[in-house]
Amino acid sequence: MKLSRAEYKEIVKCTEHLRPTRQCMTILRQRFPNHSQSTLLSIFSLEYQKRTKRTMSRHQAPDSIESYYQRYLSEAKARPSFPVLLELANEVDLSPALMARIIVDRFLQDQEGSVSSKQVLNNMLREPSLIPDQALANHVYQCTINDCCYGPLVDCIKHAIGQEAEVLLRDKLKERNLSFLDENQLRTKGYDKTPDIILEVPIAVEGHIVHWIESKASFGDDHSHRTYLNEQFWSYWNRFGPGLVIYWHGFIGELDSQRDRGILLKDCFPSDIVTLCHGTSPATTDSLTG
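Here the structure is a predicted model, which means the values were calculated and not measured.

Enquirer: Report on the overall build of the chain, specifying residues and quantitative values.
Expert: Of the regular secondary structure elements, the chain holds 12 helices and eight strands. When its C-alpha atoms are laid out on the principal axes, the chain stretches across 75 × 45 × 30 Å. Counting over 290 residues, the chain shows a buried share of 47%. Taking all contacts inside the chain whose residues are at least 6 apart in sequence as the whole, residues at least 24 apart take part in 65%. Just so you have it, the chain exposes about 14,900 Å², and 51% of that area is on carbon and sulfur atoms.

Enquirer: Mind laying out the packing of aromatic side chains, listing which residues take part and the relevant values?
Expert: What the rule picks out here adds up to eight aromatic pairs. On the basis of an interplanar angle of 75 degrees and a centroid distance of 5.3 Å, the ring pair of Trp212 and Tyr236 is categorised as edge-to-face. Of the two residues, Trp212 is situated in strand β4 (residues 208-216) and Tyr236 in helix α11 (residues 222-240); the sequence distance between them amounts to 24 residues. For the residue pair Trp212 and Tyr236, the accessibility class agrees, reading buried in each case. Each member of the aromatic cluster is reached from another via a ring pair, and the members are Trp212, Tyr228, Phe233, Tyr236, Tyr247 and Phe251. Here Arg79 stacks its cationic end above the ring of Phe82, 4.9 Å away from the centre of that ring. Over the aromatic face of Tyr228 sits the side chain of Lys216, whose NZ or CZ is 3.9 Å from the ring centroid.

Enquirer: Explain a nonpolar patch on the surface to me, and be specific about the residues and the numbers.
Expert: Together, Tyr141, Ile145, Leu153 and Ile157 make up a nonpolar patch on the protein surface, roughly 340 Å² of accessible area in all. Of all the secondary structure elements, the ones that give two or more residues to the nonpolar patch are α8 (134-146) and α9 (152-175). Following the sequence through the fold, Ile157 ends up in helix α9.

Enquirer: Any chance you could break down the pattern of salt bridges for me, citing the residues and the numbers?
Expert: Under the criterion given, the structure shown has 16 salt bridges. Across the pair Arg71 and Glu91 runs a salt bridge whose closest N-O atoms are separated by 2.8 Å. Here Glu91 lies in helix α5 (residues 84-91) and Arg71 lies in helix α4 (residues 62-78), a separation of 20 residues in the sequence. Residue Arg71 is classed as partly exposed on the basis of its relative accessible area of 33%. The salt bridge involving Arg259 is made with Asp256; its shortest N-O contact spans 2.8 Å. Note on Asp256: relative accessible area 16%, which makes it buried. Connected through shared salt-bridge partners, Glu206, Asp256, Arg259 and Lys266 make up one network.

Enquirer: Describe the packing of α5 against α8, and please don't skip the residues or the numbers.
Expert: For the pair α5 and α8, interaxial distance at closest approach is 7 Å and the crossing angle is 50 degrees. Considering their axes alone, α5 and α8 lie oblique with respect to each other. In contact with Val84, Leu85 and Leu86 of α5, α8 contributes Leu136, His139, Val140, Cys143 and Asn146. Each residue belonging to the contact of α5 with α8 can be placed in one class, and the counts come to six nonpolar, two polar and no charged.

Enquirer: Describe unusual backbone geometry, naming the residues involved and giving the relevant values.
Expert: Even without being a glycine, Asp93 presents a positive backbone phi close to 60 degrees. Looking at the secondary structure, you find Asp93 in the loop between α5 and α6 (96-112). Judged by its relative accessible area of 21%, Asp93 falls in the partly exposed class. Notably, Asn177 is not glycine yet its phi reads approximately 55 degrees, a positive angle.

Enquirer: Give a description of helix α7 (residues 118-126) that names residues and reports values.
Expert: Along α7, the residues that are buried comprise Leu121, Asn122, Met124 and Leu125. On an axial view of α7, the arc spanned by its buried residues comes to 160 degrees, and they lie on one face. Exposed positions of α7 whose direction lies more than 90 degrees from the buried face are Gln119 and Arg126. Looking at the buried positions of α7, the neighbouring elements they touch are α6, α8 and α9.

Calculation notes
- Residues numbered from 1 in each chain as written.
- Predicted model: local features only at pLDDT ≥ 70, side-chain atom pairs only at ≥ 80, totals over all residues.
- Heavy atoms only, no water.
- Helix = DSSP H or I, 4+ residues; strand = E, 2+ residues; numbered from the N terminus.
- Buried < 20%, exposed > 50% of the residue type's maximum accessible area, 1.4 Å probe, protein only.
- Contact = heavy atoms within 4.5 Å.
- Areas by Shrake-Rupley, 256 points an atom, 1.4 Å probe, with all protein chains shown as cover.
- Phe/Tyr/Trp six-rings, centres within 6.5 Å; stacked < 30°, edge-to-face > 60°.
- Lys NZ or Arg CZ within 6 Å of the ring centre and 35° of its normal.
- Patch = residues over 30% accessible without salt bridge, like charges linked within 9 Å, V, L, I, M, F, W, Y side chains within 5 Å.
- Salt bridge = Lys/Arg side-chain N within 4 Å of Asp/Glu carboxyl O.
- Axes fitted to C-alpha atoms, helices over the stretch in contact; angles between N-to-C directions.
- Parallel < 35°, antiparallel > 145°, perpendicular 65-115°, else oblique.
- Nonpolar A, V, L, I, M, F, W, Y, C, P; charged D, E, K, R; others polar.
- Arc of directions from axis to C-beta.

Function cannot be inferred from these measures alone, as they are strictly geometric.
Listed below in structure tokens is the structure:
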């Protein structure tokens, strides 16, 4: 879904005071019924991550950690059947999964008398039953399943969605009988930094030459798109020529401003593909992109 910048800003404004729990999606769907859930979730997730980066140092300060931990112990003792850790995270505007990480890390320091290893901590967050305190394990589980932006469950979902988008892209290419090399094949050939797809025979999309395709299972906002341009897309352009980026969850329409320079944005697999020959000349390219 391609959004105007005004539409995007309206959604962002609505996310400013939302917490990263599953309930936030109900609010966003009701407020923006014409936008897909995947687009709304992707925008909210990106915005909440920006918010977290601005405030995380405050939450990780030693006095904040101790305050959160002591409050958790007190509340868990007073109200053992309530989701007190989830409530605490929402109260201080911190991702439930990140709050769970802070509390479990502090708990392990009490248990072991030293800083726990990152592997032990990650294992417990992925599998709360490994936490020796059953009440804390339950609270961590509540945080994990209710967080829509951070945590091991979200990481698994994002990975699966990304894989699904890449499979969809390959299937679409095969349906069109387009010859291509995917990222794994390119790595076996010695390429270290590649797009998801290199077309062995270039195509034209909406009059623009395309040699490579990058799949992004996310929304393309200003910050992420600028980062991708600087860290990925321009290097692909330098090495392989002009290409196509598919933001499967949509993007800000005004960002599709680099077509004449060789980077085309779409929110779905293009339907108007013209297959070109290997020997497409600069003159032919100019006529197609002009």
